Amino acid sequence: MIKPALHGIVFLLLTTTFAFADDTPKIQADLLVVGGTESGWAAAIQAARMGVGKIVLVNDIAWLGGQFTAEALVAIDEDRSEEETRRSSIRRQPSIPRSGLFKELLDRIEQHNREKYGHPSPGNTIVGTTCRPAEAEAIFQQMIRPYVERGQIRVISHYAPTAALLSADGQTLRGMRFRSTNSAVAEELTVEAKITIDASDWGDAIQLSGAAFEYGPDLKSKYGEPLAPEKRAGFPLTDMNPISYCMVLQEADTDAVIPRPPHFDKRRYFNTTGLTKKEHDALPWPQRPVRAFASVEAVYQSRRIVDHYGLKNVVGPDAVLLCWLVQDYPLDLLPRHVVEALEKNEPGASKKNIVVMSREQRQIVFDDAKQHSLGMLHHLQTTVNDRQQDPAHRFRRMRLSQEFGTPDRMPFKPYIRESLRLQAMYMLRQQDTTPLGPESETYARVMHHDGVTAWQFEYDFHMTGRTFLPNDAQGTAWQSYFKRGRTWGPPYAGLSLFPLRSLIPARLNGLLGAQKNLGYSSIVSSAIRLHDQCIHIGQAAGAAAAVSLKTKTELREIPFDRSLLTRLRLGLCTRREGGQPMALWPFRDLTPSDEAYVAANLLAVGGLLPLRHDEVAFHADQPASEEWRRQVIRATRQIKQPSVKLPALTAAMTRGQFAIRWWAAIADLPDVNFKRLSPADADADGLTDRDDALPFDAKNASLPRSPQPPHTDGVLEKLPAEFQVRAGTQRLFNFTPQASPSVPEFTNDVGLPFDEKRGYGWSRDISNNSRRRNALSQPYRDTFLFTREADRWECVVPNGDWVVTVCVGDATHRQSGQRLRVEKQLLVQDITTAAGSFLEKTIVVHINDGRLTLELGPQQPAQNTCLNWIRFARSETR
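Described in the following lines is the structure provided in the data block. (Residues numbered from 1 in each chain as written. Predicted model: local features only at pLDDT ≥ 70, side-chain atom pairs only at ≥ 80, totals over all residues. Heavy atoms only, no water.)

## Some points on the overall build of the protein chain
Counting its secondary structure elements, the protein chain contains 19 helices and 32 strands. Taken against the 2.2 N^0.38 rule, which gives 29 Å for 878 residues, the C-alpha radius of gyration of the protein chain at 30 Å falls within 12% of a compact globule. A buried classification covers 60% of the 878 residues belonging to the protein chain. Long-range contacts, defined here as pairs at least 24 residues apart, represent 73% of the contacts in the protein chain between residues at least 6 apart. When the 107 positive and 102 negative side-chain charges of the protein chain are each reduced to one mean point, those points stand 1 Å apart. (Helix = DSSP H or I, 4+ residues; strand = E, 2+ residues; numbered from the N terminus. Rg over C-alpha atoms; globule rule 2.2 N^0.38 Å. Buried < 20%, exposed > 50% of the residue type's maximum accessible area, 1.4 Å probe, protein only. Contact = heavy atoms within 4.5 Å. Lys, Arg positive; Asp, Glu negative; His and termini not counted. Charge placed at Lys NZ, Arg CZ, Asp CG, Glu CD.)

## A word on the packing of aromatic side chains
Enumeration over the complete set of coordinates arrives at 28 aromatic pairs. Judged by centre distance (5.8 Å) and plane angle (75°), the rings of F560 and F696 are edge-to-face. Of the two residues, F560 sits in the loop between α14 (531-551) and α15 (562-572) while F696 sits in the loop between α18 (655-666) and β21 (731-735), which places them 136 residues apart along the sequence. We classify F560 as buried; its relative accessible area is 18%. Taking 4.6 Å as the distance between ring centres and 15° as the angle between the ring planes, the aromatic pair formed by F674 and F696 counts as stacked. Here F674 is found in the loop between α18 and β21, whereas its partner F696 is found in the loop between α18 and β21, with 22 residues between them in sequence. Since its relative accessible area comes to 23%, F696 is described here as partly exposed. (Phe/Tyr/Trp six-rings, centres within 6.5 Å; stacked < 30°, edge-to-face > 60°.)

## Structural notes on empty space enclosed by the protein
Enumeration over the complete set of coordinates arrives at five cavities of 30 Å³ or more. If you add up the space inside the largest cavity, you get close to 110 Å³. R268, V326, M463, Q479 and S480 are, among the twelve residues lining the largest cavity, the residues nearest its centre. In the lining of the largest cavity, the residues fall into nine nonpolar, two polar and one charged. (1 Å grid on protein atoms, 1.4 Å probe; cavity = no way out; pocket = protein on both sides within 12 Å on 5 of 7 lines; lining within 4 Å. Points joined across faces, edges and corners; volume = space filled by probe spheres on them. Nonpolar A, V, L, I, M, F, W, Y, C, P; charged D, E, K, R; others polar.)

## Examining the nonpolar core
Ranked by internal contacts, the top residues of the largest apolar core, which has 137 residues, are L31, W41, L105, L512, W585, F587 and F618. At ten residues, the largest contribution of residues to this core is made by α14. In this structure W585 touches Y443, M447, A454, L497, N601, A604, V605, L611 and L703, once residues within four positions along its chain are discounted. Residues M176, L322, I354 and L377 belong to the second largest nonpolar core, which totals 71 residues. (Core = buried A, V, L, I, M, F, W, Y, C linked by side-chain atoms within 4.5 Å.)

## Comments concerning the side chain of T729
As for its placement among the helices and strands, T729 is situated in the loop between α18 and β21. T729 gets classed as buried once you look at its relative accessible area, which sits at 17%. A polar contact is formed between the side chain of T729 and the backbone oxygen of R726, at a distance of 2.7 Å. Every residue in contact with T729, bar those within four places of it in the chain, is listed here: W802, F872, A873 and R874. (Polar contact = N/O pair within 3.5 Å; in protein donor to acceptor, adjacent residues only side chain to side chain.)

## Re the sheet that holds strand β12 (residues 304-306)
The strand order β12-β13-β11-β14 describes an open sheet built from four strands, whose pairing is antiparallel. The strands lining the two open edges of the sheet, one partner per strand, are β12 and β14 (398-400). Averaged over all neighbouring strand pairs, the angle between strand axes comes to 30°, with direction disregarded. (Pairing = 2+ DSSP bridges. Axes fitted to C-alpha atoms, helices over the stretch in contact; angles between N-to-C directions.)

## Some thoughts on the layout of surface pockets
What the largest pocket holds in volume is close to 1,400 Å³. In this structure, the largest pocket is lined by 47 residues; those nearest its centre are R562, G606, G607, L608 and I639. When residues of the lining of the largest pocket are traced back to their parent elements, those giving at least two are α15, α16 (597-605), α17 (626-639) and α18. Of the residues contributing to the lining of the largest pocket, the split by class is 25 nonpolar, ten polar and twelve charged.

## A few points about the pairing of strand β25 (residues 783-787)
In terms of burial, β25 is largely enclosed, as five of its five residues are buried. As defined by bridge partners, strand β24 (residues 770-772) adjoins β25 across three bridges and the pair is classed as antiparallel. The partner of R771 across the bridge, within β25, is F784. Note that β25 and strand β32 (residues 865-874) share three bridges and pair antiparallel. Paired with L785 across the strands is L867, a residue of β32.

## Observations regarding unusual backbone geometry
Across the chain, the bulk of peptide bonds are trans and the bulk of non-glycine residues have phi less than zero. Put simply, G316 and P317 share a cis peptide bond, and its omega is 5°. Cis geometry is adopted by the peptide bond preceding P858, which originates at G857 and carries an omega value of 0°. Along the chain, the position of P858 falls in the loop between β31 (851-856) and β32. A positive phi angle is found at N124, which is not glycine, with a value near 55°. Its location among the elements puts N124 in the loop between α4 (100-117) and β5 (129-130). The phi dihedral of E745 falls on the positive side, at around 80°, and the residue is not glycine. With respect to the helices and strands, the residue E745 is situated in the loop between β21 and β22 (746-749).

## Structural notes on the environment of R612
Here R612 is to be found in the loop between α16 and α17. For the pair R612 and T442, spaced 170 residues apart in the sequence, the C-alpha separation amounts to 9.1 Å. Setting aside residues no more than four positions away along its own chain, R612 makes contact with Y443, L703, P704, R705, S706 and P707.

## Notes on the pairing of strand β28 (residues 815-822)
With five bridges joining them, β28 and strand β29 (residues 825-833) adopt antiparallel strand pairing. Bridge pairing in β29 links L820 to V828. The sheet contact formed by β28 and β31 spans three bridges and is antiparallel. Bridge pairing in β31 places V822 opposite L854.

## Quick word on α14
Helix length check: α14 (21 residues) gives 31 Å between terminal C-alpha atoms against 30 Å at 1.5 Å per residue, within 8%. Across the 21 residues of α14, 19 count as buried, placing the element largely inside the fold. Positive phi appears at K552, one or two residues downstream of α14, with a value of about 55°. (Expected span 1.5 Å × (residues − 1).)

## A look at the environment of M376
Among the structural elements, M376 can be located in helix α11 (residues 359-381). With a relative accessible area of 0%, M376 lands in the buried category. Look past the residues within four positions of M376 in its chain and what remains in contact with it is Y269, V299, L322, W324, V326 and Q327.

## Things to note about the sheet that holds β31
Taken in spatial order, the five strands make up an open sheet running β23-β26-β31-β28-β29, and their pairing is antiparallel. Each edge of the open sheet is held by one strand with a lone partner, namely β23 (760-762) and β29. The mean inter-strand angle of the sheet, taken between neighbouring strand axes irrespective of direction, is 15°. By the bridge criterion, three bridges tie β23 to strand β26 (residues 791-796) in an arrangement that is antiparallel. Each bridged residue has a counterpart across the sheet, and for W762 the counterpart in β26 is W793.

## Regarding the state of the cysteines
This model, assessed by the stated rule, comprises zero disulfides. A disulfide-free cysteine, C246 has its sulfur positioned 3.7 Å from the sulfur of C323, the nearest such atom. Residue class for C246 comes out buried when judged on its relative accessible area of 0%. Between C534, a cysteine without a disulfide, and C246, which holds the nearest cysteine sulfur, the sulfur-to-sulfur distance is 14 Å. Look at C534 and you get buried, because its relative accessible area is 1%. (Disulfide = S-S within 2.5 Å.)

## Things to note about helix α5 (residues 133-149)
Helix length check: α5, at 17 residues, gives a terminal C-alpha distance of 24 Å against a target of 24 Å (1.5 Å per residue), a fit within 8%. In the structure, α5 departs most strongly from a straight axis at M143, where the bend amounts to approximately 30° and where the proline P146 lies between one and four residues downstream. Of all the positions in α5, only P133, E135, A136, E137, I139, F140, M143, I144 and Y147 are classed as buried. Those residues of α5 that are buried are in contact with α2 (38-49), β3 (55-58), α4, β6 (153-156) and β11 (247-251). Where α5 ends, the next residue or the one after it, G151, has phi of about 85°, a positive value. (Bend = angle between axes of the 7 residues up to and from the residue.)

As structure tokens, this is what we get:
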């Protein structure tokens, strides 16, 4: 859904409604930040560090920090690849090392944890760092305080936006009006500012300004995204990533059972109730719900904040974050009592997307979402309590934390996964972020010329559908379900850049998006919502505002001006005021402590390094070869004024040393600006800039692909000269599902047991262990048979020496731990193949029993050996 621009109309309606008096207090500012989320906090600090003198941050509550604090999502998520998710069974590592204000914040949180709990990550969970919300909020305040004390930043709490101040022509936002959220005080406030950053929960400034925005699922016809639905049926505009009320629990000495909440229904909490799976599945749900979780212990441990039982020397008591998918509150359809309350407030309100509801209407939804979460806790403390195996981890003796200071001990706000989507200068879409290679540990298909931060994650929707039990008189029996294309990953995005254009409205001036109010599709919004991403995006918005203010340039000019972009990036990737430089390029091996970090990031994001799609490490300690240097110099000549003489760096040095010296030598040289061939289509490729991911590249190609080594492409080729075989003795087998097409020269093996008449086969029937991926043109690469145990394949052959080539791998999935022996000789040992990558190996074996024998496995649990094809022929040389 696109909200049309209403510029002047919005202001007139709101001034009529609220009748602002002329004596409303007014504050003059250079920069106004709306919202005290982690993104708004970061934007304010970044702008202050870049010299903006008057910054006002207006927050609707007192707490700063958004997800970290007010929403209580204190198991901190970070950028991650699919491969990292799979290989991390204990603690996940970010695919892009921590940087910028996020690293500064996490360093302080972990130091606080060491001092108070005896461990930097006392939760002992798969999520790296956990913290208490109130303690994290104190650190947010601590970090912004120096800028408040020196008068650069003013923080105003308990005010919400009510109207936008627009220029006479309605084309520029000049500030906002606010009203106190304290019901006892009906105060109003006006902040006039040259630039406004909207870091609010629901895009308040964007909506009130009349800037165009979207919400709800995008259809495939809009952006052409692979995961987008074809039709609106089943995907109403109310469909959003669900909200969740998190709960923080602390171990108590006595029972702390909460009362049964209103509208409680145990059928919502399968696997936290007495219902067996069989009983639950017998209920006639119109849509099949997902089984919620495997064990109560998993709920307790997955986002634990303090684990004094499992970690030696950690100071207790135990504390737990409850944020499980059972708590998710879908928004596509609402329960009957919520619908009735909304309709009483305003006819038609229950049909609105939550984005465009009033604050009062949203609160009706929030209140029910809160009761839903409390219902889960009630069941954990009662029915489930008797089923727990571990007496030390009973929810019955877990008490809601008092740290929020709220009457019900719940957080100030629900966890918000998705907000509105700003109609921006460019709308980031799924196909931009798709990995260039078959794995997510490669760069994205598009590496934007105006990238201002690096990111990576899965397209991660929680269950957006709500299904009701038919004929339920109360209408309280419901469960969540996944909709096609709107699930959690895979697929994952590649290592990606976020473009500056996606922070800037398509038409309105003086406004920037932040937090989750960004220029991207619904699909991409599900991948850009993590703690570190929100902080980095806030920093980018703050830097853009600072450059615009300092140079007196319109925000929309910066993405198309190379010198201004460089200035913005220099403000982000710097150690100014003792801060940590922020990642501009998603190198996996560089951390801010590396000497070459700043130079390598600035060179890479400026397009000056010769990178291929899978060169995701900088390798600072490797020698800078002559050819590598030549390519850097050649690229530099394309962006620096031709009259400028570039330095000659010929001494032997590492890549890191060269990057440092080269950047120091060229940083202040004048740039050649981007070449514009047409007012609305810079590269004249037929795509307007609004729809062009790479507006200065008519070929629309970011990074070249690295050639795949022949022994990893799965393609059948001639044997190397060292292997001489006898003519007419070659045999080829394609391991494939039944009914697969035949391949010239190959015999299809479909996994049947060995048969003397046929002359080949398996030690048992593994025909069900077959896959055809429909991803590659050659069938013998596209199919395989696999084993998770230990299996044997044999073929009758004359005794003697044979040259054998085997190929293992999977056209579309990573496979790890593969093992294979040929005639008891180990040929493949614990080998991992990337998605779309294979391993071909050749060996000469002697056969004296009339059978060529392959042994697959045994692998570690949950690992497969995937056999694509085999070639063998009599050897002439032995």
